[in-house]
Amino acid sequence: MSAGTPRSLASSGQKSIQDICHPLSAEESALSRSPDVLNPSGAGEKDLSLPNGTPVDTSSPASSSSLLNRLQLDDDLDGETRDLFVTVDDPKKHVSTMETYITYRVCTKTTRTEFDLPDYSVRRRYQDFDWLRNKLEESQPTHLIPPLPEKFVMKGVVDRFSEEFVETRRKALDKFLKRVADHPVLSFNEHFNAFLSAKDLNKRQGLALLTKMGESVKYVTGGYKLRGRPIEFAAMGDYLDVFTQKLGTIDRIAQRIIKEQSEFLMELREYGPVYSSWSSFEEELHDPLEGVAGCVSNCSSALDELTEDMSEDFLPVLREYVLYIESMKNVLKKRDQVQAEYETKLEAVVFREDKKTPVPTDVEKCQDRVECFNADLKADWDRWQNNKRQDFRQLLTGMADKNIQYYEKCLAAWESLIPLLQDKQEARGETN
């Protein structure tokens, strides 16, 4: 074996890191959807325990029988057949001597054999969702985990118990669970099963935020520079950087539009009563002036709805994808750490003195992990791109429709003045 150009591993017949056939093709002009690859090492922790410390036996393997046992429960599925539906609704405020918090109802409908019942309804608070996401990251390190809305808010700026904030968070939590439920691997995770079905999640315990794998990889690869990072994964990082800049620009423009609309709305609300007061002093112009006051009021209501839609529907999607980018960058970083670990161990084998000693199994396992990571990341990248296109198409067309509706309402309000002005003009002509 040459020290400069390590080739195949003797005991396994597998290729070295330079010859690994990565699922991403550098020749593709656009990343296309590929079959999802299940993670053989993503079985998760066998000793499953909930945040209250209660062990739960809810094994949910992605078996072929359960995958084939599909029942279409919804008509709007874009031609797909699903067997797991999750919704988050009915937020409730709880006040105790120690704390005040919000819980949400999580309803599940499923035909999967991994669940004991076809329907579940449990209540969860934000930290339960946070527990689930941490467990998914630990047990499925090769997959992109959807983001949660931020836990902390600035005091004095946002009231986290206000109806608007709670509803915005509910929508974000609902989207988080739906994305997990639609994932062909994450949806079969045992922790996800427990989150949807277990009743008691009241007692809290500390959460392990870092996996043993992550700690060991960081220790082995500290300060190591990748020798052969595939160009397609470098392209992913560059794409995320550019996308971040574009999202930032869109967010700043949207914030400015909302600010200007809010200022204009304040002026309109002050402008309408002026015409009402004026009408009381003008007997002949009373009806037209009251009509103008009504038009201004209707325009104010329409603008208020448009501004609310921008704040509650448009901005949260932008923020979600900013968090999504952070999650994707973390997965890319983990992939690089796994490859760095493999390269480090492979170099140790290449440059050792005894060439006849079989390649250690841990080197072979590292290579398998690199290949598995590449395949899982490719599948999740394609899925993320498809979701992004659908979300932004729906977001932009929805905002365009709402702007059209706003101007139609304003036009209808002012058109209602025409009969009043015509009547007044006819009355003045008869008088003359």
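Because the structure is predicted, anything quoted here is derived from the model rather than measured. (Residues numbered from 1 in each chain as written. Predicted model: local features only at pLDDT ≥ 70, side-chain atom pairs only at ≥ 80, totals over all residues. Heavy atoms only, no water.)

Concerning the overall build of the protein chain
Along its length, the protein chain carries nine helices and three strands. When the helices and strands of the protein chain are read in sequence order from the N terminus, they spell out α-β-β-β-α-α-α-α-α-α-α-α. Here the protein chain, with 432 residues, has 40% of them falling under the buried criterion. For the protein chain, contacts bridging at least 24 residues in sequence account for 77% of all contacts bridging at least 6. With an accessible surface of roughly 24,400 Å², the protein chain has 54% of that area assigned to carbon and sulfur atoms. (Helix = DSSP H or I, 4+ residues; strand = E, 2+ residues; numbered from the N terminus. Buried < 20%, exposed > 50% of the residue type's maximum accessible area, 1.4 Å probe, protein only. Contact = heavy atoms within 4.5 Å. Areas by Shrake-Rupley, 256 points an atom, 1.4 Å probe, with all protein chains shown as cover.)

Digging into a negative patch on the surface
A cluster of like negative charges, contributed by Asp-159, Glu-163, Glu-164 and Glu-308, occupies part of the molecular surface. Along the polypeptide, Glu-164 turns up in helix H3 (residues 163-182). (Patch = residues over 30% accessible without salt bridge, like charges linked within 9 Å, V, L, I, M, F, W, Y side chains within 5 Å. Salt bridge = Lys/Arg side-chain N within 4 Å of Asp/Glu carboxyl O. Lys, Arg positive; Asp, Glu negative; His and termini not counted. Charge placed at Lys NZ, Arg CZ, Asp CG, Glu CD.)

Side note on unusual backbone geometry
Glycine aside, the phi torsion of most residues is negative, and most peptide linkages are trans. Positive phi outside glycine occurs at Asp-90, with the angle close to 50 degrees. Checked against the element boundaries, Asp-90 lands in strand S1 (residues 84-95). The exposure class of Asp-90 is partly exposed, given its relative accessible area of 30%.

A closer look at the sheet that holds strand S3 (residues 119-125)
Pairing in this open sheet of three strands is antiparallel, and the strands run S1-S2-S3 from one edge to the other. The open sheet terminates on both sides in strands that have one partner only, identified here as S1 and S3. The average angle at which neighbouring strand axes cross in this sheet is 20 degrees, direction not considered. By the bridge criterion, 10 bridges tie S1 to strand S2 (residues 100-110) in an arrangement that is antiparallel. Opposite Val-88, over in S2, you have Val-106 as the bridge partner. Set on the sheet, helix H2 (residues 126-139) makes contact with S1, S2 and S3; between it and S3 the angle comes to about 105 degrees. The strands touched by helix H4 (residues 190-197) within the sheet are S1, S2 and S3, with S3 carrying the most contacts at an inclination of about 90 degrees. (Pairing = 2+ DSSP bridges. Axes fitted to C-alpha atoms, helices over the stretch in contact; angles between N-to-C directions.)

Here's the deal with the nonpolar core
In this structure, Phe-314, Tyr-321 and Trp-384 are the most contacted members of the largest nonpolar core, which totals 34 residues. Looking at this core, the elements that each hand over two or more residues are helix H6 (231-279), helix H7 (286-350) and helix H8 (361-415). Ignoring anything within four residues of it in the chain, the contact list for Phe-314 reads Ile-250, Ala-254, Asp-309, Leu-395, Leu-396 and Met-399. Core analysis: the next-biggest nonpolar cluster, separate from the first, contains 26 residues, Val-88, Tyr-104, Tyr-120 and Ala-181 among them. (Core = buried A, V, L, I, M, F, W, Y, C linked by side-chain atoms within 4.5 Å.)

As for the environment of Asn-330
Summarising the element assignment, Asn-330 is placed in helix H7. Here the alpha-carbon distance between Asn-330 and Ile-145, two residues 185 residues apart in the chain, equals 10.0 Å.

Brief notes about the packing of aromatic side chains
Taken as a whole, this structure holds 14 aromatic pairs when the rule is applied. Where Tyr-321 meets Tyr-324, the ring centres are 5.5 Å apart and the plane angle is 35 degrees; that geometry is what we call tilted. Of this pair, Tyr-321 and Tyr-324 both sit in helix H7, three residues apart, roughly one helical turn. An aromatic cluster of at least three residues, connected via ring pairs, comprises Tyr-239, Phe-243, Tyr-321, Tyr-324, Trp-381, Trp-384 and Phe-392. Directly above the ring of Phe-243 sits Lys-388, whose terminal nitrogen or CZ lies 5.2 Å from the centroid. (Phe/Tyr/Trp six-rings, centres within 6.5 Å; stacked < 30°, edge-to-face > 60°. Lys NZ or Arg CZ within 6 Å of the ring centre and 35° of its normal.)

Remarks on the pattern of salt bridges
Opposite charge on two side chains permits pairing when their charged atoms draw close. Tallied over the full model, the rule gives 25 salt bridges. Note that Asp-391 is salt-bridged to Arg-179, the shortest N-O span being 2.6 Å. With a gap of 212 residues between them, Asp-391 in helix H8 and Arg-179 in helix H3 connect regions that are remote in the sequence. An identical accessibility class is assigned to Asp-391 and Arg-179; each is buried. In this structure, Lys-345 engages Glu-341 in a salt bridge whose closest nitrogen and oxygen atoms are separated by 3.4 Å. Placement of both Lys-345 and Glu-341 in helix H7 is noted, with a separation of four residues, approximately one turn of the helix. Residue Lys-345 is classed as partly exposed on the basis of its relative accessible area of 22%.

Taken by themselves, the reported measurements are silent on function.
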